[in-house]
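# An overview of the molecular structure
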Amino acid sequence: MSLLYNTGEWFTLEQGGSFRKVELYKMKWPPNIDLDQMKVYAAPYGGPIAVMKDRNSFLKIEGGTSTRPVIRIFNCVGKQISSINWDCGEIVTIGWSDAEELVVVQDDGTVFIYDMFGTFVHKFSVSKDVTDVTEARIFQSASGTGVAAMTGTAKIYVLNNIKDPKSRPLSDLLNITNSQGCWEMVSKDRTTVCVVTQGPDVIVARYGDNALTTPPISLTVDYKSFTLMCASFDHQHLALLTNTGCLWMGSSDLRQKYCEFTTGRTERPTQLAWCLDGSPGYETPAVIICYSNMLQIVLTTGESSIYSYDSTVTLVQEMDSVRVISSSSHDLMQRVPSCTKKIFGISISEPASFLFVAHCKFQERSHQSNEYLCLTAGKLRGAVADCIEAAGYEFDPNTQKSLIRAAYFGKSFLADYNVIEYVRMCKTLKVLNALRDPNVAIPITIRQYVSAIPFEHLQPIVVLDRLMFRKYYGLAMQIAKYLNILEKRILEHWAFQKLAQDKNDDEVARKIAAKFASAGLQQPMSFASVAERAQQIGKIKLAITLLEMETKKKLQVPLLLKLGASEKALIAATQSGDIDLIYMALLEMKNTTELAKFHMTIRRYPLAQNLYKKYCQLNSLSTLKDIHSQEDDFLAQAELTLREALKMGQLDASIPDVSGNFRRVGKSLEADLCDEAKKLAKHQKLLNDKYQKQFQGLALHATVRKLLQLGDVRYAEKLKSEFKLPDRRYWWVRVQTMAENYMWEDLERFAKAKKSPIGYEPFVEVCLRQQNVQEAKKYLPRCGEDTKLKWYLRASCYAEAANIAFMQKDIESLLKILDYCASDATLLSTVQNMILEVSEKK
């Protein structure tokens, strides 16, 4: 019979509801583990268990050598994961962080952090002022895992996050003289306080207080001191036990008292633990008192019950339960969920119970199935929901299947049932059962997996992380695919482990490449992060090998440069075609490589070399010259020298080199131009001295024009003759210069001196440009017949234009002229007659 068909492990308290004990595993401790002489430190959420021999059980042998303690780490089944041979100082306490790292506090204030496989992570000191720690507490705060240490002078130092160890002392007013007291850290609303007992008093100390708070604790029985204290998992409740065995339960701020309970026992218990419901509005909480091999469950209503064990037990507080670890078993103590009571409770008449029985009868082919189903009339939807919810709280797969099948049976009679919750629960149970398997041994509850309370539960992504930490990569991959979560992080973590463990770099690279290729991901895995981890652990060659498989050049190139493989980075950058990456590789390579070798290397990559030349052209012309010189690139040398000479104004000094380089590459035309430029520069230097005006740097055309403006026609004609300036260009410059200087008589003489090689249209144009129509009329008759009409129109000589158009029988031009002479009636009539006459002749 399945576990929950038998409710013998349930016990019911009158007002506080029912509790149950669920056996999670039969423990498989090694033969040399005797929990009666051991201290057990277990992590919540089904985390690992650290076991160390109780230092009070050591026997000191005179003259003998001291025995160093051994910390052994087990999973929840009792299978050893690792061990740590402690060779440092005396251990004060041990605990676990929220990342399942082992936290060891030493008597000199040093805190050591190990992973669950016994690998040292790092260490730090609580404070430089702390050297004699007598007690310590490891607690969870809003910032992470915190550590509190009490010194021999009863001063307490607190740090709220071991990832950022910044400690601070609590109130200096705190003065504890009675070593029989107890203390506990309470972190609530981002504030951490220390609750300390001093004789019959309870003191609340916090950082920065000017006065200590001593809230009154009302008890109806006599007592001298408090011997044990416990804060709940959510730090909302506090339990205090007196030396007379009276238990006080109340809120963690000590303002509210729930009840007091007299245990009737004077011996000091080993532990106190709060058993919460875990839901947002949880029911009455309970406190479990552990007396070596006996548990007493006390509700805040004052009711109690007792469980006995055959061996010493250890309690582990959870957000919704308490785990009990003994030599033979690993149990879960929790309040029976209300949905479970509706189905399996004694003398229950709930729709969910009728539905469950109806399904059982249906499987037995009994007609009573319909009778029980009829009892759920109108409440079948709620009964299905209760069966689905109850399945999530069960640890036995057979019970889960029975409840899920009952829900499936019930939903078949609902027309518009939404199956989202049903499917979600089936998926969740499949994941939880895989985690709870003894080979994995992570016995988390459904509320620990998915809870309504924010930040107080594990999420699927955190569960995957914990599987990775335990090196269950195959299971993590299967769960990730099942839940549609990206598997990249899992593959990366697996690769990191391979890097750290395997010694053969070539084999590691082959395995990682094969695994990444066979993963079947939509987007290929990146090798960059794995290569970076290889570089961090000193495997440079392996990191380069992995990076050569990286397809994303933006990730590949920077890390190759960081690893010193600058040429490989340059190759990858040029293959990508990304100019920014190429420049990154070039500049890094230039800074880390000998210059000669750098130049020889980039010559093999034309794109990179051309970009480097462009960079040098903008930033270092001397470097660019060296490159052209090494490559015997005379054309580039000539162009660069010429450009630099023009920029520096030293053209005359550089021309011989430029001309020579042009001739070396057969550029005779360019060489001749350089020679002429040299001659022109000499003339310009003489003209500078003669006229005290700037001639240097001007082109030949501009030089001649400037001479004509200065009236030095002879020197201008000399330059024309020496540099073979075409007549047409020279005449154009002469005509423009004389018109700009209003030298109309000189212009007329120049026009009559000999036949113009550029025609007389330019004469008309320059006159009109200076708005001298009368002067333009002198040259209009000498314009060509094909352009004469156009220039007469531009000069506004409409009568003459009309005669020319009439002679050419050009009606379109006459019509255009007709638009211009609207204000001249005589000319208008004449043009109209011309149009009529030309039209008649056609």
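Residues numbered from 1 in each chain as written. Predicted model: local features only at pLDDT ≥ 70, side-chain atom pairs only at ≥ 80, totals over all residues. Heavy atoms only, no water.

Right, let's get into the overall build of the protein chain. If you tally the helices and strands in the protein chain, you get 32 helices and 28 strands. Look at the contacts in the protein chain between residues 6 or more apart in sequence, and 48% of them connect residues 24 or more apart. Carbon and sulfur atoms form 49% of the exposed surface of the protein chain, whose accessible area is close to 42,000 Å². (Helix = DSSP H or I, 4+ residues; strand = E, 2+ residues; numbered from the N terminus. Contact = heavy atoms within 4.5 Å. Areas by Shrake-Rupley, 256 points an atom, 1.4 Å probe, with all protein chains shown as cover.)

Taking strand neighbours across the sheet as the criterion, the four strands line up as β18-β19-β20-β21 in an open arrangement whose pairing is antiparallel. Strand pairing shows two members of the sheet lacking a second neighbour, β18 (226-231) and β21 (257-262), which therefore form its edges. The sheet shows a mean angle of 15° between the axes of neighbouring strands, direction not considered. Where strand β20 (residues 246-251) meets β21, five bridges bridge the pair, whose relative direction is antiparallel. Considered in β21, the bridge of Trp-248 is made with Glu-260. (Pairing = 2+ DSSP bridges. Axes fitted to C-alpha atoms, helices over the stretch in contact; angles between N-to-C directions.)

Let us look at the nonpolar core. In this structure, Ile-444, Leu-467, Leu-499, Ile-512, Leu-546 and Leu-586 are the most contacted members of the largest nonpolar core, which totals 93 residues. Top element by residues in this core is helix α4 (residues 380-393). It accounts for eight residues. When residues of this core are assigned to domains, at least three map to each of domain 1 (12-339) and domain 2 (341-417). When neighbours within four sequence positions are excluded, Leu-499 is seen to be in contact with Val-508, Ile-512, Val-530, Arg-533, Ala-534, Ile-537, Lys-539, Leu-542 and Leu-546. Grouped together as the second largest cluster of nonpolar side chains are 52 residues, Leu-725, Tyr-779, Cys-783 and Met-834 included. (Core = buried A, V, L, I, M, F, W, Y, C linked by side-chain atoms within 4.5 Å. Buried < 20%, exposed > 50% of the residue type's maximum accessible area, 1.4 Å probe, protein only. Domains from an automatic or database assignment.)

With that settled, consider helix α9 (residues 473-482). Residue pairs spaced three or four apart in an α-helix point in one direction, given the helix's 3.6 residues per turn. Among the residues making up α9, those that are buried are Tyr-473, Leu-475, Ala-476, Met-477, Ile-479 and Ala-480. Where α9 terminates, the next one or two residues include Asn-484, which has phi positive at roughly 60°.

Let's shift gears to the packing of helix α29 (residues 785-794) against helix α30 (residues 798-807). In helix packing, the relevant descriptors are the interaxial angle and the interaxial distance, both defined with respect to the helix axes. Viewed as axis vectors pointing N to C, α29 and α30 meet at an angle of 160°, and their least axial separation amounts to 8 Å. The angle between the axes of α29 and α30 places the two elements in the roughly antiparallel class. Regarding α29 and α30, the two cross each other, and that crossing is left-handed. Residues Lys-788, Leu-789, Tyr-792 and Leu-793 of α29 form the contact with α30, whose participating residues are Tyr-798, Glu-800, Ala-801, Ile-804 and Ala-805. (Parallel < 35°, antiparallel > 145°, perpendicular 65-115°, else oblique. Left-handed = near helix turned anticlockwise from the far one by under 90°.)

One way to see where empty space is left: roll a probe the size of a water molecule over the atoms. Counted according to the given criterion, the structure contains two cavities of 30 Å³ or more. Looking at the lining of the largest cavity residue by residue, the class counts come to two nonpolar, one polar and four charged. (1 Å grid on protein atoms, 1.4 Å probe; cavity = no way out; pocket = protein on both sides within 12 Å on 5 of 7 lines; lining within 4 Å. Points joined across faces, edges and corners; volume = space filled by probe spheres on them. Nonpolar A, V, L, I, M, F, W, Y, C, P; charged D, E, K, R; others polar.)

In this section: the pairing of strand β7 (residues 91-96). Counting buried positions over the six residues of β7 gives six, a clear majority of the element. Note that β7 and strand β8 (residues 102-106) share five bridges and pair antiparallel. Counterpart to Trp-96 in the pairing with β8 is Leu-102. Between the end of β7 and the start of β8, which pair antiparallel, lie five residues, with Glu-100 showing a positive phi angle near 60°.

Read across the sheet, four strands follow the order β7-β8-β9-β10 without closing on themselves; strand pairing throughout is antiparallel. Each edge of the sheet is formed by a strand with only one pairing partner; in this case those strands are β7 and β10 (120-125). With direction set aside, neighbouring strand axes in the sheet form an average angle of 20°.

With that settled, consider the packing of aromatic side chains. Under the criterion given, the structure shown has 15 aromatic pairs. Here Phe-516 and Phe-527 contribute two aromatic rings whose centre-to-centre distance is 5.1 Å and whose plane-to-plane angle is 50°, an arrangement assigned as tilted. Of the two residues, Phe-516 is situated in helix α11 (residues 505-518) and Phe-527 in the loop between α11 and α12 (528-536); the sequence distance between them amounts to 11 residues. Both residues of the pair, Phe-516 and Phe-527, count as buried. Aromatic side chains Tyr-760 and Phe-763 sit 5.5 Å apart centroid to centroid with 35° between the ring planes, which places their arrangement in the tilted category. Looking at Tyr-760, the relative accessible area reads 8%, which means it is buried. Taken together, the ring pairs in this structure connect Trp-86, Phe-112, Tyr-114 and Phe-120 into an aromatic cluster. The ring of Phe-395 has Arg-436 lying over it, and the distance from NZ or CZ to the ring centre is 4.0 Å. (Phe/Tyr/Trp six-rings, centres within 6.5 Å; stacked < 30°, edge-to-face > 60°. Lys NZ or Arg CZ within 6 Å of the ring centre and 35° of its normal.)

Moving on, we come to unusual backbone geometry. In this structure, Tyr-45 takes a positive phi of about 55° despite not being glycine. Topologically, Tyr-45 is positioned in the loop between β3 (38-42) and β4 (49-53). Among the residues examined, Tyr-45 registers a relative accessible area of 10% and is labelled buried.

Take the pattern of salt bridges next. Across all of its chains, the model carries 26 salt bridges by this definition. The residue Glu-23 makes a salt bridge to Lys-26 at a minimum N-O spacing of 3.3 Å. Here Glu-740 ties to Arg-705 by a salt bridge, and the two come within 2.5 Å at their closest N and O atoms. Remark: Arg-705 occurs in helix α23 (residues 700-709) and Glu-740 occurs in helix α25 (residues 727-740); sequence separation between them is 35 residues. What makes Glu-740 partly exposed here is its relative accessible area of 32%. Residues joined by salt bridges that share partners form a network here, namely Glu-100, Arg-466 and Arg-470. (Salt bridge = Lys/Arg side-chain N within 4 Å of Asp/Glu carboxyl O.)

Our next topic: the confidence of the model for the protein chain. Of the residues in the protein chain, 86% have a pLDDT of 70 or more, and the chain-wide mean is 83. Ignoring residues within four places in sequence, the model shows residues 59-65, a span with pLDDT below 50, making zero contacts including any to other chains. (pLDDT = per-residue confidence, 0-100.)

Among the secondary structure elements, Phe-723 is positioned in the loop between α24 (713-722) and α25. Residue classification places Phe-723 among the buried positions, given a relative accessible area of 8%. Sequence separation of Phe-723 and Leu-700 is 23 residues, and the distance between their C-alpha atoms is 8.4 Å.

Enumeration according to the criterion identifies zero disulfides in this entry. Cys-259 provides the cysteine sulfur closest to Cys-246, a residue in no disulfide bond, and the two sulfurs are 9.0 Å apart. For Cys-246, a relative accessible area of 1% translates into the label buried. (Disulfide = S-S within 2.5 Å.)

A word on the side chain of Asp-386. Mapped onto the elements of the fold, Asp-386 is located in helix α4. When its relative accessible area of 14% is taken as the criterion, Asp-386 is described as buried. Dropping the residues within four chain positions of it, Asp-386 is found in contact with Cys-339, Lys-342, Ile-343 and Ala-352.

The next thing to look at is the side chain of Glu-100. Its location among the elements puts Glu-100 in the loop between β7 and β8. At 3.1 Å, the side chain of Glu-100 forms a polar contact with the side chain of Arg-466. Residues within four places of Glu-100 in sequence aside, it is in contact with Gly-47, Pro-48, Met-116, Arg-466 and Arg-470. (Polar contact = N/O pair within 3.5 Å; in protein donor to acceptor, adjacent residues only side chain to side chain.)

On to the pairing of strand β15 (residues 183-188). Extensive coverage of β15 is indicated by the burial of five of its six residues. Sheet topology places β15 next to strand β16 (residues 191-198); six bridges connect them, and they run antiparallel. Its bridge partner being in β16, Trp-183 is matched across the sheet by Val-196. Taken together, β15 and the strand that follows it, β16, pair antiparallel across an intervening segment of two residues, in which Asp-189 is found at a positive phi of about 55°.

At a minimum axis distance of 8 Å, the contact between α23 and α24 shows a crossing angle of 160°. It follows that α23 is roughly antiparallel to α24 by the angle criterion. Viewed along their axes, α23 and α24 form a crossing whose handedness is left-handed. Contacts between α23 and α24 pair Leu-700, Thr-703, Val-704, Leu-707 and Leu-708 from the former with Val-713, Tyr-715, Ala-716 and Leu-719 from the latter. Residue classes in the contact of α23 with α24 are distributed as eight nonpolar, one polar and no charged.

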